[in-house]
Amino acid sequence: MPIFNEQEGRASGFASAKTIPITRVKAAQEVTRRELLEFALQASAAAIVGGLFDGRIAQRDSRAAIPELVFNAGGAQPARAQSPNENRIDVPSVQAVQHVRRMRGGAQAHLFRCSDGNFYVVKFKNNPQHLKVLANEMLATLLASLAGLPVPSVAVVNVSEWLIRTTPDLKIVLQNHAVPCESGLQFGARYVISPCPWDGQVFDYLPESMLKRVRNLESFAGILAFDKWTSNGDSRQAAFWRMMRQKKYTATFIDQGYCFNAEHWTFPDSPLKGLFPENEVYSHVSRWESFEPWLSCIEEMPEESILLAAETVPPEWYQSEWHPMEKLVHTLVARRGKVRDLITEFRTSSREPFPKWKTGF
Ligand SMILES: Nc1ncnc2c1ncn2[C@@H]1O[C@H](COP(=O)(O)OP(=O)(O)O)[C@@H](O)[C@H]1O
Ligand SMILES: [Mg+2]
């Protein structure tokens, strides 16, 4: 049941240096794809510490060729893996310290202050959508960050039984009754800025006329390629945020829960799926170059990186069945080469999303 919270859309605060700085994304168009991949990992997978699932990953011995993917909590510089066998994507594990408020939306997420001092929007294992929404969020957000897209940092958030028992609002509201949120490991997306109203603002929606004031509007072409690749079954959602004194907004792409067709992990393609509702965000698209560097990052994403991202997902978020996850990875690998065709289907659809498209390129 969607729950509307009036506070939504007004909140916000300290700039997350961890959210991809868009100016750097633009600059990255001039650098090599390898550099971009490294940049994306630094900037977006930012608050990455500790080896939560090392044991599982260490069992595999086939990734000598994988780039080293371990990062500092600060996110500014990648830390080197200790040895070639420690190639991994480490996601921080944090403890929920204080409940802040309930968020809007079908997954009935909640905002928490956590042990690393950051705020996270947390989706619970027993959310009304599906357990696998947590796995989808983690995997898709990591993949989007590998593609250089502006997405929130992610974390595994441990919510204690005590916090749930002592916080009456920590309930999942079903049709006729409510049940307590489940304790244990949950998915957390770091709040795009601090939730202090005097620090800045976050909006789920901007009127069409305001979209011109979004500094990274070009990245909507990149997330379109990503949503086609991952067969996002939901409309594309972004958090539009700005710090006080900033005139321009920045879009950070949130809500990857229905990528891979929600809990089904199938890829039913359809031209009008996974889109942002307003064509305005695609207004600059005039040629294939408009999708760069993100499209090439997807097409050339190493299979090993996709596998590493999948291995980073806590197994309990997909019923600990590795075979379907492995199949998902293989499908994603195979679909890298299909993204251009899927974009073409959207381009030539009745929605006519790219009026400036120039043929002959
Ligand atoms: N990283 C984030 N930063 C700021 N707000 C967020 C973030 N993630 C989610 N939200 C807010 O929480 C709401 C619910 O999250 P969302 O991922 O869209 O879940 P749902 O699947 O329920 O729609 C969003 O509409 C947005 O207002
Ligand atoms: Mg949503």
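Residues numbered from 1 in each chain as written. Chains lettered and ligands numbered in written order. Predicted model: local features only at pLDDT ≥ 70, side-chain atom pairs only at ≥ 80, totals over all residues.

Participant: How should the sheet that holds strand 12 (residues 250-254) be read in this particular structure?
Facilitator: Strand pairing within a sheet occurs via backbone hydrogen bonds; the two strands may be parallel or antiparallel. Read across the open sheet, the three strands follow the order 10-11-12; overall the sheet is antiparallel. Bordering the open sheet on either side are strand 10 (200-203) and strand 12, each of which pairs with just one other strand. Looking at each pair of strands side by side, their axes are set apart by 25° on average, direction ignored. When strand 10 meets strand 11 (residues 237-243), the two strands line up antiparallel, connected through four bridges. Bridging across to strand 11, Gln 201 finds its partner in Arg 242. (Pairing = 2+ DSSP bridges. Helix = DSSP H or I, 4+ residues; strand = E, 2+ residues; numbered from the N terminus. Axes fitted to C-alpha atoms, helices over the stretch in contact; angles between N-to-C directions.)

Participant: So what exactly am I meant to see when it comes to helix 8 (residues 303-312) here?
Facilitator: Every α-helical turn comprises 3.6 residues, leaving residues that sit three or four positions apart pointing alike. Burial within helix 8 is extensive, with eight of its ten residues counted as buried. Inspection of helix 8 places Ser 305, Ile 306, Leu 307, Leu 308, Ala 309, Ala 310, Glu 311 and Thr 312 among the buried residues, and these make up the whole buried set. (Buried ≥ 20, exposed ≤ 12 C-beta atoms within 10 Å, placed from the backbone.)

Participant: Is there a simple way to explain the sheet that holds strand 3 (residues 93-102) in this structure?
Facilitator: Taken in spatial order, the five strands of this closed barrel run 3-4-5-9-6, and their pairing is mixed. Strand after strand, the sheet turns through a mean of 55° between neighbouring axes, direction not considered. Direction of pairing for strand 5 (residues 119-123) relative to strand 9 (residues 184-190): antiparallel, over a ladder of four bridges. Bridging from a neighbouring strand, Val 121 pairs with Ala 189 of strand 9. Helix 4 (residues 132-146) contacts strand 5, strand 6 (154-159) and strand 9 of the sheet and is inclined by roughly 40° relative to strand 9. (Contact = placed C-beta atoms within 7 Å.)

Participant: I keep staring at the site of ligand 1 and nothing clicks. Help me out?
Facilitator: Residues in close proximity to ligand 1 total 20 residues, the closest being Met 103, Gly 105, Ala 107, Val 121 and Asp 255. Listed by contribution, the elements that provide at least two residues to the shell around ligand 1 are strand 9 and strand 11. Partitioned by chemical class, the residues of the shell around ligand 1 number eleven nonpolar, four polar and five charged. (Near = placed C-beta within 6 Å. Nonpolar A, V, L, I, M, F, W, Y, C, P; charged D, E, K, R; others polar.)

Participant: Sorry, what's going on with helix 6 (residues 219-229) here?
Facilitator: When you tally the buried positions in helix 6, you get eleven out of eleven residues, the bulk of the element. Of all the positions in helix 6, only Ser 219, Phe 220, Ala 221, Gly 222, Ile 223, Leu 224, Ala 225, Phe 226, Asp 227, Lys 228 and Trp 229 are classed as buried. One or two positions beyond helix 6, positive phi appears at Ser 231, with a value near 50°.

Participant: Explanation requested: the confidence of the model for the protein chain in the structure shown.
Facilitator: The predicted model of the protein chain has a mean per-residue pLDDT of 81, with 76% of residues at 70 or higher. Confidence drops under pLDDT 50 across residues 1-86; counting only partners more than four residues distant or on other chains, this segment forms 176 contacts. (pLDDT = per-residue confidence, 0-100.)

Participant: Would you explain the packing of helix 4 against helix 8 in this entry?
Facilitator: Each pair of packed helices gets described by two things: the angle between the helix axes and the distance between those axes. Contact geometry of helix 4 with helix 8 gives a least axis separation of 8 Å together with a crossing angle of 145°. Judged by the sense of rotation from one axis to the other, the crossing of helix 4 with helix 8 is right-handed. Two secondary-structure elements touch here, helix 4 through Met 138, Leu 139, Leu 142, Leu 143 and Leu 146 and helix 8 through Ser 305, Ile 306, Ala 309, Ala 310 and Thr 312. Grouping the amino acids of the contact of helix 4 with helix 8 by side-chain chemistry returns eight nonpolar, two polar and no charged. (Left-handed = near helix turned anticlockwise from the far one by under 90°.)

Participant: Honestly, the pairing of strand 12 in this entry has me stumped. Any pointers?
Facilitator: Within a regular strand, the side chains alternate between the two sheet faces. Taking burial as the measure, the five residues of strand 12 include five buried ones, the bulk of the element. With burial as the criterion, each face of strand 12 is covered, one bearing Thr 250, Thr 252 and Ile 254 and the other bearing Ala 251 and Phe 253. Pairing of strand 11 with strand 12, which is carried by five bridges, proceeds in the antiparallel orientation. Bridge pairing links Phe 240 to Ala 251 in strand 12.

Participant: When you look at the packing of helix 8 against helix 9 (residues 322-335) in this model, what are you seeing that I'm missing?
Facilitator: Remark: helix 8 packs on helix 9, axes separated minimally by 10 Å, with the N-to-C direction vectors making an angle of 150°. You can see that helix 8 and helix 9 cross each other, and the crossing is right-handed. Along its contact with helix 8, which presents Glu 303, Ile 306, Leu 307 and Ala 310, the element helix 9 presents Met 325, Leu 328, Val 329, Leu 332 and Val 333. Split into classes, the residues belonging to the contact of helix 8 with helix 9 amount to eight nonpolar, no polar and one charged.

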